[in-house]
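# Overview (structure and organization)
What follows is each chain in one-letter form.
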Amino acid sequence: SLVYLNGEYVRLGDAKVSVLDRGFIFGDGIYEVVPAYARKPFRMDGHLARLERSLKAIGIKLDMSSADWEKLVRDMLARASSDDAMVYIQVTRGVAKRDHAFPASAPKPTVFCMVSPFKRPGAAAREQGYTTVSMPDERWLHCEIKSVSLLGNVLAKQHAVEAGVDEVIQFRDGFLSEGSSCNIWVVRNGTVLGPVRDNLILEGIRYSLMEELARAEGIPFESRRIPRQEVEQADELMLTSATKEVLPIVSLDGKPVGTGKPGPVYARLRAAYDKVIAAL
Ligand code: PLP
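What counts as what
Residues numbered from 1 in each chain as written. Predicted model: local features only at pLDDT ≥ 70, side-chain atom pairs only at ≥ 80, totals over all residues. Pairing = 2+ DSSP bridges. Helix = DSSP H or I, 4+ residues; strand = E, 2+ residues; numbered from the N terminus. Domains from an automatic or database assignment. Contact = placed C-beta atoms within 7 Å. Nonpolar A, V, L, I, M, F, W, Y, C, P; charged D, E, K, R; others polar. Core = buried A, V, L, I, M, F, W, Y, C linked by C-beta atoms within 7 Å. Buried ≥ 20, exposed ≤ 12 C-beta atoms within 10 Å, placed from the backbone. Near = placed C-beta within 6 Å.

Turning to the sheet that holds strand β4 (residues 40–41), a few remarks are in order. Taken in spatial order, the six strands make up an open sheet running β2-β1-β6-β5-β3-β4, and their pairing is antiparallel. Each of the sheet's edge strands pairs with one partner strand only, and the pair in question is β2 (8–11) and β4. Across eight bridges, the pairing between strand β3 (residues 29–37) and strand β5 (residues 85–92) is antiparallel. Along β5, the bridge assignment pairs Glu32 with Ile89.

A few words on the domain arrangement of the chain. Parsing the chain into structural domains produces domain 1 (2–117) and domain 2 (123–278). The gap between the C-alpha centroids of domain 1 and domain 2 is 26 Å. On the domain 2 side, the residues contacting the 19 residues of domain 1 number ten residues. Elements with a contribution of two residues or more to the side of domain 1 that touches domain 2: β3, α2 (44–57) and β5. Considering each element in turn, the side of domain 1 that touches domain 2 owes the most residues, seven residues, to β3. When the residues that make up the side of domain 1 that touches domain 2 are grouped by side-chain class, the tally is nine nonpolar, seven polar and three charged.

The next subject is the nonpolar core. Core analysis: the largest hydrophobic core is formed by 34 residues, its most contacted members being Trp185, Val186, Leu237, Met238 and Ile249. Looking at this core, the elements that each hand over two or more residues are α5 (151–163), β8 (167–172), β10 (183–188), β11 (191–194), α6 (205–216), β13 (236–241), β14 (245–252) and α8 (264–278). In this structure Val186 touches Leu176, Leu193, Ile226, Glu230, Val231, Ala234 and Leu237, once residues within four positions along its chain are discounted. If you look at the next biggest cluster of nonpolar residues, it comprises 20 residues, including Ile30, Ala36, Val87 and Val115.

Taken together, the neighbourhood of the ligand is formed by Asn153, Glu178, Ser181, Cys182, Asn183, Leu202, Gly204, Ile205, Arg206, Thr240, Ser241 and Ala242. When residues of the shell around the ligand are traced back to their parent elements, those giving at least two are α6 and β13. The residue inventory of the shell around the ligand, partitioned by class, reads four nonpolar, six polar and two charged.

All right, on to unusual backbone geometry then. We note that Ala38 has phi near 50°; this positive angle belongs to a residue other than glycine. Mapped onto the fold, Ala38 is located in the loop between β3 and β4. Judged by the 11 C-beta atoms lying within 10 Å of it, Ala38 falls in the exposed class. Positive phi is not limited to glycine here, since Arg39 has a value of about 65°. For Arg39, the location among the structural elements is in the loop between β3 and β4.

As structure tokens, this is what we get:
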């Protein structure tokens, strides 16, 4: 399959970047993941706006307009080997002599894009739900940037694997932040609660979608700081991400969440999410 690298389409095995690329040396870059169904991008505007925000946040300037990004995503989808696909975009500051500071004259950023088959979460994940363990959030204080410096997220996910569960739920200073690569939602007394969209979480493209779906369903929705106790005593927990869509969390630290089965608020939001996909 072909990938995009710096303006050209090449075979994956032929796509090479320098060992001096600052993405390799420092993790100095950002990325984006755009899901697509039946070759139609899902919430592309939101994903491309976040891509622009990430680039701006780390001071990478590129001569690519949002129309150029959109064309790239559509070109990649046309080349995809499956109708449901994930478009991965990565931009690094480029190649330069190793020095922490930004190079005095800005190198050409490295722009990479690939598309992979997307296997949607099936009946098992939807019906059995995810198991989780809690852990302290040990990442840096700019989690709002979709940075390729993902060591903290990698270690968090490995923590889940070693605990024999599907995901982690991270807490910072006693408040809910997020999973290793997903946002976490709490249902209490019929209200959907999401953590504040500040520098401590990556605001998923599904964050505002969950808010829209909840409101359309007449389910009360609140963004606020969520203390650990409210997560432990939740009626339901859910997670969202581009690859997981929306899934129920059925256990935390070995204890059942609510009834230990996917709950009614999840079922309504899940159905609403599926309708958005079907209407693409
Ligand atoms: N939080 C983190 C740390 C992530 O890596 C992701 C990405 O999957 C999300 C949240 C969810 O974001 P999105 O809904 O845009 O996939």
